[in-house]
Amino acid sequence: MIKKAALAIAVAAVPLMAATAASAEGEKYVLVSHAPDSDSWWNTIKNGIALAGDQMDVEVEYRNPPTGDVADMARIIEQVVASGPNGLITTLADYDVLQGPIKDAVASGIDVIIMNTGTPEQARDVGALMYVGQPEYDAGLAAGTRAKGDGVTAFLCVNHAIQQPTVGERCRGFADGLGVDLGDSMLDSGTDPAEIKNKVLAYLSAHPETDGILTLGPVSAGPTMQALNENGMAGDIYFGTFDLGDEIVKGIKSGVIQWGIDQQPFLQAYMPVVILTNYHRYGVLPGNNINSGPGFVTADGLTKVEEFAGEYR
């Protein structure tokens, strides 16, 4: 009996010893995004991964292509894989360009979680453990359905990230929610604020029937608000946007923007670090992908958002 008890104690102690050893070695997780340095929306992502690293007592690193070039991002992933981290957290902004390096990471034994950009199906195809983010088409569809109920019939979708196919799914979903063809309603605005403003002004002038605007984030929302202030349409045209930020919160508060879709970027960075750490230490893993959004933020729900906009929201 004493021998059996001692054996049971020894067996039970193995997982704890393994977890302690892994923790003592120091896990490292690298997040690679497609975002250019100029996109301040990603500061929330950086805050999320930093906080998760501190709380889980692991090393974390954030990397991105300075100009947002996806080919450059692919090279960064290859460099990360060569350095041999315990896990890779990455966006999947362009499946065709990024699938190779991500599959190579999986083949080398690095656990991967896809976050923010991409789809659950694409995540499964490249061999990732899971997807943490907002299904973009579904979010656009929900936004379009809401706008249709509010009376919108013709819209402009200001797309500042035309090079990322999955972001355009927001516009397509919005059109389907309205029950109209996307047609030429999706504007390739670029990222220069002055250019975005001028393109929005030109589009609205050429399409006077437009009664709704959808922007895809702070990069395009701010200049679009400037355009509406300039042509006198601010507060008179239906305006919804993806994501949050200081300017968007001000727009919602003033009534220029009806709602912002919160995909909770903090969770998109925070959760993968927590999940990977617990997976490597204890072998536990959620059974499903995690949808961090969409959620509609209106003027009635701005208290916490306003407090933490650009930091954790």
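Cut-offs and rules
Residues numbered from 1 in each chain as written. Predicted model: local features only at pLDDT ≥ 70, side-chain atom pairs only at ≥ 80, totals over all residues. Heavy atoms only, no water. Helix = DSSP H or I, 4+ residues; strand = E, 2+ residues; numbered from the N terminus. Buried < 20%, exposed > 50% of the residue type's maximum accessible area, 1.4 Å probe, protein only. Contact = heavy atoms within 4.5 Å. Areas by Shrake-Rupley, 256 points an atom, 1.4 Å probe, with all protein chains shown as cover. Lys, Arg positive; Asp, Glu negative; His and termini not counted. Charge placed at Lys NZ, Arg CZ, Asp CG, Glu CD. Pairing = 2+ DSSP bridges. Axes fitted to C-alpha atoms, helices over the stretch in contact; angles between N-to-C directions. Salt bridge = Lys/Arg side-chain N within 4 Å of Asp/Glu carboxyl O. Phe/Tyr/Trp six-rings, centres within 6.5 Å; stacked < 30°, edge-to-face > 60°. Lys NZ or Arg CZ within 6 Å of the ring centre and 35° of its normal. Parallel < 35°, antiparallel > 145°, perpendicular 65-115°, else oblique. Nonpolar A, V, L, I, M, F, W, Y, C, P; charged D, E, K, R; others polar. Left-handed = near helix turned anticlockwise from the far one by under 90°. pLDDT = per-residue confidence, 0-100.

### Quick notes on the overall build of the chain
(1) Moving on: Looking only at helices and strands, one finds 12 helices and 12 strands in the chain.
(2) Moving on: Dimensions along the principal axes, computed over C-alpha positions, put the chain at roughly 85 × 40 × 30 Å.
(3) Moving on: Each of the 313 residues in the chain was classed as buried or not, and the buried ones make up 50%.
(4) Moving on: Contacts in the chain between residues far apart in sequence, at least 24 positions, make up 71% of those at least 6 positions apart.
(5) Moving on: Of the accessible surface of the chain, which amounts to about 13700 Å², a share of 52% is contributed by carbon and sulfur atoms.
(6) Moving on: Treating the 19 positive side-chain charges of the chain as one cloud and the 39 negative ones as another, the clouds have centres 8 Å apart.

### Section: the sheet that holds strand β1 (residues 28–32)
(1) Moving on: Read across the open sheet, the 6 strands follow the order β2-β1-β3-β4-β5-β11; overall the sheet is parallel. Of all the strands in the sheet, just β2 (59–63) and β11 (290–291) have a single pairing partner and so form its edges.
(2) Moving on: As paired strands, strand β5 (residues 130–133) and β11 are joined by 2 bridges and run parallel to one another. In the strand pairing of β11, glycine 133 is matched with asparagine 291.
(3) Moving on: Packing of helix α2 (residues 43–56) onto the sheet brings it into contact with β1, β2 and β4 (111–116), and relative to β2 it is tilted by some 165°.
(4) Moving on: Lying on the sheet, helix α11 (residues 265–282) is in contact with β1, β2, β3 (87–90), β4, β5 and β11; it crosses β4 at an angle near 165°.

### Some details on the pattern of salt bridges
(1) Moving on: Evaluated as defined, the whole model comprises 14 salt bridges.
(2) Moving on: Of the charged contacts, one joins glutamate 307 and lysine 304 as a salt bridge, the two residues approaching to 4.0 Å between their closest N and O atoms. In this pair, glutamate 307 and lysine 304 both sit in helix α12 (residues 303–308), 3 residues apart, roughly one turn of the helix.
(3) Moving on: Owing to a relative accessible area of 49%, glutamate 307 belongs among the partly exposed residues under this scheme.

### Comments concerning the packing of aromatic side chains
(1) Moving on: Enumeration over the complete set of coordinates arrives at 7 aromatic pairs.
(2) Moving on: Centroid distance phenylalanine 266 to tyrosine 270: 5.2 Å. Interplanar angle 20°. Geometry classified as stacked. Here phenylalanine 266 and its partner tyrosine 270 are both found in helix α11, 4 residues apart, which amounts to about one turn of the helix. Each member of the pair, phenylalanine 266 as well as tyrosine 270, carries the same accessibility label: buried.
(3) Moving on: The interplanar angle of 65° and the centroid separation of 6.0 Å between the aromatic rings of phenylalanine 308 and tyrosine 312 together place this pair among those described as edge-to-face.
(4) Moving on: Residue classification places phenylalanine 308 among the partly exposed residues on the basis of a relative accessible area of 25%.
(5) Moving on: The class of tyrosine 312 is partly exposed, set by a relative accessible area of 29%.
(6) Moving on: Ring-pair connections join several aromatic residues into one group, and the members of that group are Phe266, Tyr270, Phe308 and Tyr312.
(7) Moving on: We note arginine 146 situated over the ring of phenylalanine 296; from NZ or CZ to the ring centre the distance is 4.7 Å.

### Observations regarding the packing of helix α3 (residues 70–83) against helix α4 (residues 95–107)
(1) Moving on: One can describe the packing of α3 onto α4 by two numbers: an axis separation of 9 Å at closest approach and a directional angle of 5°. Here α3 is positioned roughly parallel relative to α4, judged by the angle of their axes. Within the contact between the two elements, α3 uses Val70, Ala71, Met73, Ala74, Ile77, Glu78 and Val81 and α4 uses Val97, Leu98, Pro101, Ile102 and Ala105.
(2) Moving on: For the contact of α3 with α4, the class distribution of residues is 11 nonpolar, no polar and 1 charged.

### Digging into the packing of helix α8 (residues 193–206) against helix α9 (residues 218–231)
(1) Moving on: As a packed pair, α8 and α9 sit with axes 8 Å apart at the nearest point and diverge in direction by 50°. Taken together, the axis directions place α8 and α9 in an arrangement best described as oblique. When the axes of α8 and α9 are compared, the crossing they make is right-handed. Counting all contacts with α8, which are made through Pro193, Ile196, Lys197, Val200, Leu201 and Leu204, the residues of α9 involved are Val219, Ser220, Pro223, Thr224, Gln226, Ala227, Leu228, Glu230 and Asn231.
(2) Moving on: Residue classes in the contact of α8 with α9 are distributed as 9 nonpolar, 4 polar and 2 charged.

### Topic: the confidence of the model for the chain
(1) Moving on: With 92% of its residues at a pLDDT of at least 70, the chain reaches an overall mean of 91.
(2) Moving on: pLDDT under 50 marks residues 1–24. Its contacts with residues more than four places away, or in other chains, come to 4 contacts.

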